[in-house]
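Listed here are the chains, written in short residue letters.
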Amino acid sequence: NSYSSSTTANILDSIHVHVHADAKLKGFGACTQLQHASRPTYLLLTGKGIKNIHIWKFQPPLNNKNHEEEPVWEQLYDTQTNGNTISLLSFY
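About the criteria used
- Residues numbered from 1 in each chain as written.
- Predicted model: local features only at pLDDT ≥ 70, side-chain atom pairs only at ≥ 80, totals over all residues.
- Heavy atoms only, no water.
- Helix = DSSP H or I, 4+ residues; strand = E, 2+ residues; numbered from the N terminus.
- Polar contact = N/O pair within 3.5 Å; in protein donor to acceptor, adjacent residues only side chain to side chain.
- Contact = heavy atoms within 4.5 Å.
- Salt bridge = Lys/Arg side-chain N within 4 Å of Asp/Glu carboxyl O.
- Buried < 20%, exposed > 50% of the residue type's maximum accessible area, 1.4 Å probe, protein only.
- pLDDT = per-residue confidence, 0-100.
- Pairing = 2+ DSSP bridges.
- Axes fitted to C-alpha atoms, helices over the stretch in contact; angles between N-to-C directions.
- Patch = residues over 30% accessible without salt bridge, like charges linked within 9 Å, V, L, I, M, F, W, Y side chains within 5 Å.
- Areas by Shrake-Rupley, 256 points an atom, 1.4 Å probe, with all protein chains shown as cover.
- Phe/Tyr/Trp six-rings, centres within 6.5 Å; stacked < 30°, edge-to-face > 60°.

**Let's talk about the side chain of arginine 39**
1) Next: In this fold, arginine 39 is placed in the loop between β1 (28–33) and β2 (42–46).
2) Next: Separated by 2.6 Å, the side chain of arginine 39 and the backbone oxygen of proline 60 make a polar contact.
3) Next: Residues within four places of arginine 39 in sequence aside, it is in contact with Gln59, Pro60, Pro61, Leu62, Glu69 and Val72.

Written out as structure tokens, the structure reads:
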């Protein structure tokens, strides 16, 4: 490889992390982006391996250069699974 490590981009420079502390976010299962939303909007499925499934709406900040705007986290749905044996969650 002719590239040195100093000229190769670090993948972590392209990742933005948004933290939201809520126990209902445990057991990440799937994520999909809504195509016709007025701003970037994602649906998250959580609850894999726990007793409830949750659907969340996540909207990252539109302009986060100054870290002034907070991301939007909204729980849309919660349902019991009658056990903790679910091992796969997905959107269709």
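**Comments concerning the pattern of salt bridges**
1) Next: By the definition in use, this model includes three salt bridges.
2) Next: Measuring nitrogen to oxygen at the nearest pair gives 4.0 Å for the salt bridge that ties aspartate 78 to lysine 24. With aspartate 78 in strand β4 (residues 72–80) and lysine 24 in the segment before β1, this residue pair connects regions lying 54 residues apart in the sequence.
3) Next: The salt bridge partner of glutamate 69 is arginine 39, with a shortest N-O separation of 3.4 Å. Of this pair, glutamate 69 sits in the loop between β3 (52–59) and β4 while arginine 39 sits in the loop between β1 and β2; the two residues are 30 residues apart in sequence, bridging distant segments of the chain.
4) Next: Taking the relative accessible area as the measure of exposure, glutamate 69 reaches 28% and is therefore partly exposed.
5) Next: Look at arginine 39 and you get buried, because its relative accessible area is 17%.

**A few points about the confidence of the model for the protein chain**
1) Next: In the predicted model, the protein chain carries a mean pLDDT of 84, and the fraction of residues at 70 or more is 88%.
2) Next: Per-element mean pLDDT across the protein chain ranges from 91 in β1 up to 94 in β2.

**Comments concerning the sheet that holds β3**
Adjacent strands of a sheet form backbone hydrogen bonds with each other and so pair up, either parallel or antiparallel.
1) Next: Ordered by their spatial adjacency, four strands build an open sheet running β1-β2-β3-β4, and the pairing between neighbours is antiparallel. At either margin of the open sheet sits one strand with a lone partner, and together these are β1 and β4. Strand-to-strand, the axes of this sheet are offset by a mean angle of 20°, without reference to chain direction.
2) Next: Here β3 runs beside β4; their pairing, made up of eight bridges, is antiparallel.

**Details of a nonpolar patch on the surface**
1) Next: Judged by side-chain polarity, Ile11, Leu12, Ile15, Val17 and Val19 come together as a nonpolar surface patch covering roughly 560 Å² of accessible area.
2) Next: Tracing the chain through its elements places valine 17 in the segment before β1.
3) Next: Residue valine 17 is classed as exposed on the basis of its relative accessible area, which comes to 67%.

**Overview of the packing of aromatic side chains**
1) Next: A complete count under the given rule lists two aromatic pairs for this structure.
2) Next: Measuring from ring centre to ring centre gives 6.4 Å for tyrosine 42 and phenylalanine 58, while their planes differ by 35°; the resulting arrangement is tilted. In this pair, tyrosine 42 sits in strand β2 while phenylalanine 58 sits in strand β3, placing the two residues 16 residues apart along the sequence.
3) Next: Ring centres of phenylalanine 58 and tryptophan 73 lie 4.5 Å apart, and the angle between their planes is 50°; on these two criteria the pair is classed as tilted. Highlighted residues: phenylalanine 58 in strand β3 and tryptophan 73 in strand β4, separated in sequence by 15 residues. Like phenylalanine 58, the residue tryptophan 73 is buried in the burial classification.
4) Next: Among the aromatic residues, those joined into a cluster by ring pairs are Tyr42, Phe58 and Trp73.

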